[in-house]
Amino acid sequence: MKNKKKTKAVFTEPGYWQSYSDMMAALLLIFILIIAITLAIYKQKRTDLEEAQLQLNATRTELEASEADLEASKAELEASEEELRNSLKELEEAYAKATMTQEELDAAYLEIDEARAELSATKNELRDIVGIRTDIIGELQTRFSNSSMKVDAQTGSITFSSDVLFRYNSATLTAESKDTLKEIIPMYLGVLLQSSFRPYIAEIIIEGHTDTDGGYESNMTLSYNRANSVARFCLDDANGLTESQIEQLQKVLTVNGRSFSRPIYKADSAEVDMAASRRVEIKFRLKEDEMINKITEVLNQE
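Residues numbered from 1 in each chain as written. Predicted model: local features only at pLDDT ≥ 70, side-chain atom pairs only at ≥ 80, totals over all residues. Heavy atoms only, no water.

A look at the overall build of the protein chain
Next, step 1: Regarding its fold elements, the protein chain presents ten helices and four strands.
Next, step 2: Of the regular secondary structure in the protein chain, the N- to C-terminal order runs α-α-α-α-β-α-α-β-α-α-β-α-β-α.
Next, step 3: Across the protein chain, the fraction of contacts at a sequence separation of at least 24, relative to all contacts at a separation of at least 6, is 75%.
Next, step 4: Approximately 18,500 Å² of the protein chain is accessible, and the part contributed by carbon and sulfur atoms is 54%. (Helix = DSSP H or I, 4+ residues; strand = E, 2+ residues; numbered from the N terminus. Contact = heavy atoms within 4.5 Å. Areas by Shrake-Rupley, 256 points an atom, 1.4 Å probe, with all protein chains shown as cover.)

Structural data, given as structure tokens:
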């Protein structure tokens, strides 16, 4: 009779170990849910960063194709991409260590959104700049369609032979060359200085070049003096430009002498074309340096 009572008592005691197991299973489930949520956040963040990097790569491709002058910024863009890859690696390590707080995640998302917006705006501005160059060159070619002077289809520059403008080893314009310049200068500068293009012009450059005959320093002086003679001619209101145009020209005009540092070679030959090398070029530069700096600032943001 006593044994029956003892057995009954054992079966009626609380299931202590069973409750402990249930508690551990619940804790394990919570731990698994925390890991799953963390991995999901990590995956979403990594996807967003990869999309941002893909967009940056696509933008870099468009920039490289848009303008030869932007080749100088290629190294900076590549360095920026390396910094982005390093930033992505740092973020991955941070996620792996579970050290990134929600506030830091929100800040990272905000930086990505701001970078995307600034990149989009910069890309649109760059397209405008490229479009303006195309418009300027197109109008110059139209203006000179009935002239013997040819406009370079890539740069929009025009080139005068020094043999036409000056006598041998002289920087004084001949009477015949002045007649030519009076016809060409107002046509060329009139396009660049018109109101629709003038805000985009960063610099108008008159550049003198010589052949390789003689010393570098003496040719430097000669090339500069010849370019300066053409510049003074342009700034004289008796030669076709209005006072307003001359005032605008003075703000952007640069005169350079190149000596024989940039000779022209004969076709399929290493021989210098002496006659072609003696020249004065007039060209322009758009406000692209500011665009490059702006793009670099965006891409260098951490």
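Now that the structure has been shown, we can carry on.
Some points on unusual backbone geometry
Next, step 1: Unusually for a residue other than glycine, Asn169 sits at a positive phi of about 60 degrees.
Next, step 2: Tracing the chain through its elements places Asn169 in the loop between helix 5 (162–165) and helix 6 (175–192).

Topic: the confidence of the model for the protein chain
Next, step 1: Put simply, the protein chain has an average pLDDT of 83, and 77% of its residues get 70 or more.
Next, step 2: Low pLDDT, under 50, characterises residues 8–12; the predicted model gives this stretch zero contacts beyond four residues in sequence or across chains. (pLDDT = per-residue confidence, 0-100.)

Quick notes on the sheet that holds strand 3 (residues 253–257)
Next, step 1: With mixed pairing, four strands are arranged side by side in an open sheet as 1-4-2-3. Each edge of the open sheet carries a strand with a single partner, namely strand 1 (158–161) and strand 3. Strand after strand, the sheet turns through a mean of 20 degrees between neighbouring axes, direction not considered.
Next, step 2: Alignment of strand 2 (residues 201–209) against strand 4 (residues 279–286), held across eight bridges, turns out to be antiparallel. (Pairing = 2+ DSSP bridges. Axes fitted to C-alpha atoms, helices over the stretch in contact; angles between N-to-C directions.)

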